[in-house]
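# Commentary on secondary and tertiary structure
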Amino acid sequence: MLRLSAWILLIEGLLGVHAYQQTFIESPVDVSVIEHDSIILRCSIKNLAGSVQWTRDDFAMGYSLETIRNYCKECEPYGDQSKGEYHLKVNNVKLSRQNNFECQVTPDRDNRHKELRAKAHINVLVPPKKVVLEPGPQVEMKSNLPSKLVCKVFDTNPKASIIWLHEGRRIFDQEIQESVRKGRRDGTYDTEKTLTFTPKPEHDGSTITCRVEQDHELLKDKFLEKHTRLRVYYPPVGPEILGYENGRVYMEGDQINITCQAVGGNPPPTVSWYKGSDNVKQDLPYRKQGDITYSVLTLRATSKDHGSMYTCQAWNNITQISLPSIPVYLNISFSPDLVEIEGPDYVELGKSVSLLCMAENSNPPAQIYWWVDGETSQGFTRQELSPKGGYKTYSTKDIFAGRTDDRIQVSCMARAAGREKKVTKIIRIKRPPEIPAITGFPTHTVREGDILALECTSQKGSPVPELDWMKEGVRLQDQQYSKVDDTYSTSKLTIQVTRQDNQAEYSCQAKNGVNFVPAVQKENFTVYFPPLSAKLYMTRSTGGPSIQIATVGESVELRCETETSNPGPRFNWNKNGLQVKNGVPGMESAGKFGGKISTNIFRINDGLPVRPEDNGSNYTCIAYNPTIQGKTIEKHFALQVRYKPQFADDAKRLYTVKEGEDLAIDLEASGNPNNIIYAWHNFRVLSENGRMTFEKGRLEIRKARREDAGMYVLFATNSVGKSKISIQIDVLYPARISSVSPLKEVKQGDSVKIYCKVDAKPITNTTVRWTGPLGFDSRHDGRVYFDGNNTFTLTLPRVQKTNRGVYRCIANNGLDGEHDDTENTQVQIHFPPEIRKFARFSKFSENRMFPTKIPCYAYGYPEVSIYWEKETDGKLNHNRFSFPSDGKAMETDSGTWLSELEINPVENSDFTQYRCTANNSLGSDTHIIRIVHNSIPDPVTKLEVKQFENKTVRLRWEPGFNGGFKQEFIYRVREVSSDRVIYEGLARHEDIGEHQQYIEQYIILERLGHYAFSIKARNVQGDSAYSREQFETLKAEEIQGSGDNRLPRVVIVAIVLGSILVVIIKLIVITCCVKQRKSSRRERERYQDRQSSESSRKSVGIERYPFSGDLYLSPPSNHSGSTYSDQDHYKHLGRSLSVPGESEGHTSYTSCSVHGTLGRQMSSGMDTTLEDEVFDLTRSGNIQISGSLHQHSGTSSIHPNNTADRMLRVGRRSRAGSLSSPCNEHAPPRLGASALYTGYMERRKHSTGGGSVSPPSIPSPPPPVDISTLTRRLPMPPPPPVNRIPNGQPASFDQPIGLELPSRPNAAEMSKELSRRINEMGSNPNLDPPDSMSHLHLDNFPQFPSFPTSNNFTNPRSENKYRQHV
């Protein structure tokens, strides 16, 4: 039973396998594809049981994209596998050997299905990419000559087929050759086909095409073509002559037109005409019209063209030779070219003359006819051939002179070719000439160079005489001879007069034949001429021959000798371009051309011996003739004087060179002769070595050494003598310090001297400077002493502890490129210890379990010992506390000691106070330092606020403990009037130094006012409280900063307004002064008869300095004069204000006088006076000044703003208002009564150089105050106290000068009182000082402060700038 079942299953399996066997539905086949295209190899399988893969060239690739791309980058699976499609797509197919593919299907695991295989080959088609046609897109060929065209194509598959086409039709009747070879790429072919083409003329412009095809269905539409255009060259046909008939006769003057043409030809031919057997080419153009090229021979028939032969030729670059036409011969009929009568022009009476009439070249021969004095006559005629191609005709006629007429008229006529030509000849009968007439000779003397126009005329004689000009019997050239109508003749002669013409004989000769004697007219004249040249030579004063060179000590003279001149010349002499006195006339002798030879002698140095400085002097002899005013002759002579060598007085005597550098000295001596021998000495004869070389006066020292310095002597010798010059050579070397003082230890208050020894060249008192602690620089205090040798000593008087530290000696003598040489020494000051106790270093913070170090700095000397202990129990555990138990401290700087307490680690019990104790032999100091926890910063302390400049404020404070973190500071500005904070900002200061206690900052506020300032500190933990507010009032009047005064803006505005007011007042014063001057003049005349008997009134001057209260009185003046007195003019009080000015280059003083008037000095130095009795001092009894004072440097003084207007302004205003300063912008410092008189306003100017000054010379007024006699300063009572307001500001005041005037006295009484007081001073004449004007100088008058030019401060709203103070 079991066996039966097995067989049944076996039979069923076999039947099932056969029924469902895997097979190809579509198997791959061989395909063709164009290169770079894509192709799909198809493989479809039915009942797939195995696995499918593709192979390439028997190499299995699988069927996944990844495995296929590993072996074929251009291949990829393609198709729907669910439908059994396992195609392979090949992209960008390329021509290669790997184009064999196979689709494989493996059996199943049970081998029930058979293996399937199907191969396919890809045939890659490569079409042509480029066709090459040689020789190019256009080819030139000659007709009927074969030419080759080559067509090439490369790298094709399959082999390309090349076809030749002409105008689109395939060429079969020409020779064609083909060659095929393998291409550069495997599987490709190169094909070349050659066409041998024989062109014809009609092929010109046609096209030949090379077409490339391939025999494959896919490539049938991918053919390529290349074209070339034919240019066929061929010769023309012809040439042919048109418009010519053989044997035709042209009349002279006819227009001849003959055309030559050629047909065809490529390129178009050239057509040209040629003349004669020599083929002379004619310059005639040719033209092209259609297919015809032609040239026209055009000419006007003349006798010269008779018998001429012309030919025409045509050619182009194809013809071997030019093609000639038939010859053209011209036959011209013309009249004779020339008809003339040959024979003599003159005949003697009773004799015969033979004449010949000749007709030149004619065609046909000419006929000749004769006329004698109008009657027809016959002659003998003959003919002959002319070489010009025609005929010559001759006729002979004899004429007898048997009549008494002056002439015979004979005519000859020639007739030919229908034209006639006639000529006439006059034969004259001979007679002798008469004496000619001459015009143009001068009636006075002429100068050389003048132009004379002479004319000679002859009116008698037959034939008309010929005229010749003669000079001294020699015929002259360039004469212009002419005849006028055979009636007379003339000859003109133009001459430029020369010296040879002086008294020379000029003659004019007339002649008309050998049978007659010539007629002659003669003349002469006088010529003035200057010398043409001169010679200048030197001789000894004792005489003898000329010499070229003089020797020092000889007496020589120059002789100037001129050539002949008429009249003789005059002489001038120049030396080095400057005229000197004239020479002495010498001998005079006769010269050529009737002139004179002159000599002039110049004695050099007036006959004294010559000197070395005369060598090279240039002398000029100037010879001229004033009568002629012609050319001036100058002869130059360079005087040569033999002298021994001399060196220039200004020759350089001192030379410097830097050590190691080169020095070249060039010295040159002048001498004559200049052959100078030089020798160098330096206490010995110098010889050249490796570093020193000599060449004449040149000394070169290379790499100079110090030992090269010294005195050098240069000797110069020539044949005359020897000289020498001494020079000093200094070798410069940089400053180097040899030694400095050792450590100095002194007590406070002692003086210290430290020295520095320097070796340098040059060395001066500025070679060394010292620097030291706290910015010390010796250049600013001048405490360095230089002993003149090598030692510089610095003295420090009364030293303090701040003077301790390192002092550096810096040496530099200023040589270029050298650096400072420095050495240090130390000065130690003995003083007891002082521990640094800054607030920010009195606390330190650290976290628990971390190590920390607490510093303690102490200042002192000698050595300071520092000890540590706890403030609570005094004991420190050495297990965690580390410090020098012996008190040994480290010196970090001069007199600065450091000891650090190290705690490792920090515990809770360590947050307490620690005592630092510093000791030395002079004392001790202690300080408590705390360790605290991190916190907000402590408030700042010691805040100071101070106005620095107009709106600038300086803040200065001490920072406190920073809380254990980096801290910053916030400052706040509060305006007190409005109680508002106007600014609150960060103070970005620089890092503060360990030994720096304070921080400074400058801020600028926008406006003045009363402000409150405060500062707080900030760290990461928070902010401290603001410090206590500090108040400051910013006022324009208080200007402080850097020790310089600053001017408030209000003062500037006041000055500007005051200046404008001054200008306005000046204009008013000028106008009024003009009117008042006239009134004053009339007033003086009215009072002239009432002059006072006090003729010698003493003048007085009273001046007051506002600052000191001193009164100046002038002693009596010696001036004499007259004055007058009048009660009606008691008001006039003299008053002057004197300030320095400038007049004509020297200092002067301008007095502006006011006595009931307003006087003003103008810028030109002239003052104008306005007289108006408005200044009534006697009503008030005093002179008052309104102004203001302010506190300055702790003393009361008149504010610099007090201008002259304020000083002159009186308490009671008069009708004219207040008086203003008549002078410049700075107010004068003194006021005073300088003149007391009435009814007169005087203007004056006092000069420092004039001594005693008196008023102008005016008849009536009294003498002004004479300030030239001012001698002494008398003490006056001090000024009254200045009223103060509570805030310290000055109050306005009215202060009397102190001169009490009686109530309404007259002018005479006031003058007497002042004179009495002056006389009390004594009459000592020695009281007058050397400079009587010195009391007027304003040198000590306070000046307005200058405004700052640099801005070191910033506005709080923009940028803040800070300063730190150590």
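Every value quoted in this text rests on a predicted model; they were computed, and no experiment measured them.

Once that is clear, we can look at the overall build of the chain. Across its full length, the chain carries six helices and 106 strands. Relative to its 1366 residues, the chain shows a buried fraction of 44%. Taking all contacts inside the chain whose residues are at least 6 apart in sequence as the whole, residues at least 24 apart take part in 67%. With the model as given, the accessible surface of the chain reaches about 72,900 Å², and the carbon-plus-sulfur share is 48%.

Overall, mixed pairing links the five strands, which are arranged E2-E10-E9-E5-E6 in an open sheet. Two strands bound the open sheet, and with one partner strand each, they are strand E2 (31–34) and strand E6 (59–62). Averaged over all pairs of adjacent strands, the angle between strand axes in this sheet comes to 30°, irrespective of strand direction. Across three bridges, the pairing between strand E5 (residues 52–56) and E6 is antiparallel. Bridge pairing in E6 links Arg56 to Phe59.

The next point concerns the packing of aromatic side chains. Following the criterion strictly, the structure yields 16 aromatic pairs and no others. Taken together, a centroid distance of 6.2 Å and an interplanar angle of 65° make the contact between Phe441 and Tyr506 edge-to-face. One end of the pair, Phe441, is in the loop between strand E40 (437–439) and strand E41 (446–447); the other, Tyr506, is in strand E47 (residues 506–511), with 65 residues separating them in the sequence. Just as Phe441 is buried, Tyr506 falls in that class too. Counting every residue linked through ring pairs, the aromatic cluster contains Phe441, Trp469, Tyr506 and Phe525. Above the plane of the ring of Tyr733 lies Arg706, whose end atom (NZ or CZ) is 3.6 Å from the centre. One residue, Arg956, lies across the ring of Tyr998, its end atom 3.8 Å from the ring centre.

A separate point is the nonpolar core. Counting 26 residues, the largest nonpolar core has Trp54, Leu88, Val90, Phe101 and Ile122 as the members making the most contacts within it. Going through the elements one at a time, E2, strand E3 (39–41), E5, strand E8 (87–90), strand E9 (100–105) and strand E10 (116–125) are the ones with two or more residues in this core. Among residues more than four places away in sequence, those in contact with Leu88 are Ile39, Ile40, Leu41, Trp54, Met61, Ile68, Cys75, Glu76 and Phe101. By size, the runner-up hydrophobic cluster in this structure holds 25 residues, among which are Phe838, Phe844, Trp868 and Leu901.

Examined against the element boundaries, Gln1001 turns out to sit in strand E90 (residues 998–1004). Looking at Gln1001, the relative accessible area reads 0%, which means it is buried. Distance in space between the C-alpha atoms of Gln1001 and Trp957 is 9.1 Å, their sequence separation being 44 residues.

Moving on, we come to unusual backbone geometry. In this model, Asn363 is joined to Pro364 through a cis peptide bond whose omega is 5°. Tracing the backbone through its elements, the reader meets Pro364 in the loop between strand E33 (352–362) and strand E34 (367–372). A cis amide bond links Asn672 to the next residue, Pro673, at an omega of 10°. If you check the backbone angles, Asn47 has positive phi at about 55° while not being a glycine. Among the secondary structure elements, Asn47 is positioned in the loop between strand E4 (44–46) and E5.

Before going further, it helps to examine the pairing of strand E26 (residues 292–300). Burial along E26 is one-sided: Thr293, Ser295, Leu297 and Leu299 are buried, while Ile292, Tyr294, Val296, Thr298 and Arg300, pointing the other way, are not. Note that strand E22 (residues 255–263) and E26 share nine bridges and pair antiparallel. By the bridge assignment, Ile258 is partnered in E26 with Leu297. As paired elements, strand E25 (residues 287–289) and E26 share three bridges and run antiparallel to each other. Residue pairing in the sheet places Lys288 in a bridge with Thr293 of E26.

Spatially, E50-E52-E58-E55 is the arrangement adopted by the four strands of the open sheet, whose pairing is antiparallel. With one partner strand each, in any of the chains shown, strand E50 (534–540) and strand E55 (584–585) form the two edges of the open sheet. Pairing of E55 with strand E58 (residues 599–603) involves two bridges; the strand directions are antiparallel. Residue pairing for E58: Pro585 is matched across the bridge by Asn600.

Considering all chains together, one arrives at 55 salt bridges under this definition. Of the charged contacts in the structure, one is a salt bridge between Glu707 and Arg705, with a shortest N-O distance of 3.9 Å. Close ionic contact of Lys870 with Asp910 constitutes a salt bridge, the shortest N to O distance being 3.9 Å. Taken together, the positions of Lys870 in strand E80 (residues 865–870) and Asp910 in the loop between strand E83 (896–903) and strand E84 (913–920) put the pair 40 residues apart, joining distant regions of the chain. Of the residues examined, Asp910 reaches a relative accessible area of 0% and is grouped as buried.

On inspection of all chains with the given rule, the structure shows nine disulfides. For Cys560, the disulfide goes to Cys621, at an S-S distance of 2.0 Å. Given an S-S torsion of about -90°, the disulfide between Cys560 and Cys621 has left-handed geometry. With Cys560 in strand E52 (residues 556–562) and Cys621 in strand E59 (residues 618–624), the pair connects residues that are 61 residues apart, well separated along the chain. Here Cys756 engages in a disulfide with Cys809; their sulfurs sit 2.1 Å apart. Between Cys756 and Cys809 the sulfur-sulfur dihedral comes to about -80°; the bridge is accordingly left-handed. With a gap of 53 residues between them, Cys756 in strand E71 (residues 752–761) and Cys809 in strand E76 (residues 805–811) connect regions that are remote in the sequence. Residue Cys809 is classed as buried on the basis of its relative accessible area, which comes to 0%. No disulfide involves Cys1072; its sulfur sits 7.1 Å from the nearest other cysteine sulfur, which is in Cys1073. With relative accessibility at 28%, the residue Cys1072 sits in the partly exposed group.

Our focus in this paragraph is a positive patch on the surface. On the surface, Arg1077, Lys1078, Arg1081 and Arg1082 cluster together into a positively charged patch. Among the structural elements, Arg1082 can be located in helix H3 (residues 1049–1086).

What follows is about the pairing of strand E66 (residues 692–695). Two faces belong to every sheet, and in a regular strand the side chains alternate between them. Pairing of E66 with strand E67 (residues 698–701), which is carried by four bridges, proceeds in the antiparallel orientation. Looking across to E67, one finds that Thr693 is bridged to Glu700. Adjacent in sequence and paired antiparallel, E66 and E67 are bridged by two residues, among which Lys696 carries a positive phi angle near 55°.

Looking now at the confidence of the model for the chain. Predicted confidence across the chain gives a mean pLDDT of 77, with 76% of residues reaching 70 or more. Confidence over residues 1038–1045 falls short of pLDDT 50; this stretch has 18 contacts with residues more than four positions distant or in other chains. Low confidence marks residues 1091–1304, where pLDDT is under 50. Its contacts with residues over four positions away, or in another chain, come to 506 contacts.

Our focus in this paragraph is a nonpolar patch on the surface. A surface patch of nonpolar side chains, about 600 Å² in accessible area, is lined by Ile1052, Val1053, Val1056, Leu1057, Ile1060, Ile1064 and Ile1068. Its place among the elements puts Ile1060 in helix H3.

Turning to the side chain of Asn361, a few remarks are in order. Topologically, Asn361 is positioned in strand E33. A polar contact of 3.4 Å, which involves the side chain of Asn361, links it to the side chain of Ser386. Each residue touching Asn361, except ones within four places of it in the same chain, is listed here: Ser303, Phe334, Ser335, Pro336, Asp337, Ser386, Lys388, Gly389, Gly390, Tyr391 and Lys392.

Structurally, the position occupied by Asn524 is in the loop between strand E48 (519–523) and strand E49 (527–528). Sequence-wise, Asn524 and Phe441 are 83 residues apart; in three dimensions their C-alpha atoms are separated by 8.1 Å. If we skip the residues at most four places from it in the chain, Asn524 touches Gln503, Ala504 and Glu505.

Moving on, we come to the side chain of Thr620. Within the secondary structure, Thr620 is located in strand E59. Given a relative accessible area of 9%, Thr620 falls into the buried group. A distance of 3.0 Å separates a polar atom in the side chain of Thr620 from a polar atom in the side chain of His636.

Examined against the element boundaries, Ser909 turns out to sit in the loop between E83 and E84. By relative accessible area, Ser909 is classed as partly exposed at 45%. If we ignore the near neighbours within four places in the chain, the residues touching Ser909 are Lys870 and Arg880.

Calculation rules
- Residues numbered from 1 in each chain as written.
- Predicted model: local features only at pLDDT ≥ 70, side-chain atom pairs only at ≥ 80, totals over all residues.
- Heavy atoms only, no water.
- Helix = DSSP H or I, 4+ residues; strand = E, 2+ residues; numbered from the N terminus.
- Buried < 20%, exposed > 50% of the residue type's maximum accessible area, 1.4 Å probe, protein only.
- Contact = heavy atoms within 4.5 Å.
- Areas by Shrake-Rupley, 256 points an atom, 1.4 Å probe, with all protein chains shown as cover.
- Pairing = 2+ DSSP bridges.
- Axes fitted to C-alpha atoms, helices over the stretch in contact; angles between N-to-C directions.
- Phe/Tyr/Trp six-rings, centres within 6.5 Å; stacked < 30°, edge-to-face > 60°.
- Lys NZ or Arg CZ within 6 Å of the ring centre and 35° of its normal.
- Core = buried A, V, L, I, M, F, W, Y, C linked by side-chain atoms within 4.5 Å.
- Salt bridge = Lys/Arg side-chain N within 4 Å of Asp/Glu carboxyl O.
- Disulfide = S-S within 2.5 Å.
- Patch = residues over 30% accessible without salt bridge, like charges linked within 9 Å, V, L, I, M, F, W, Y side chains within 5 Å.
- Lys, Arg positive; Asp, Glu negative; His and termini not counted.
- Charge placed at Lys NZ, Arg CZ, Asp CG, Glu CD.
- pLDDT = per-residue confidence, 0-100.
- Polar contact = N/O pair within 3.5 Å; in protein donor to acceptor, adjacent residues only side chain to side chain.

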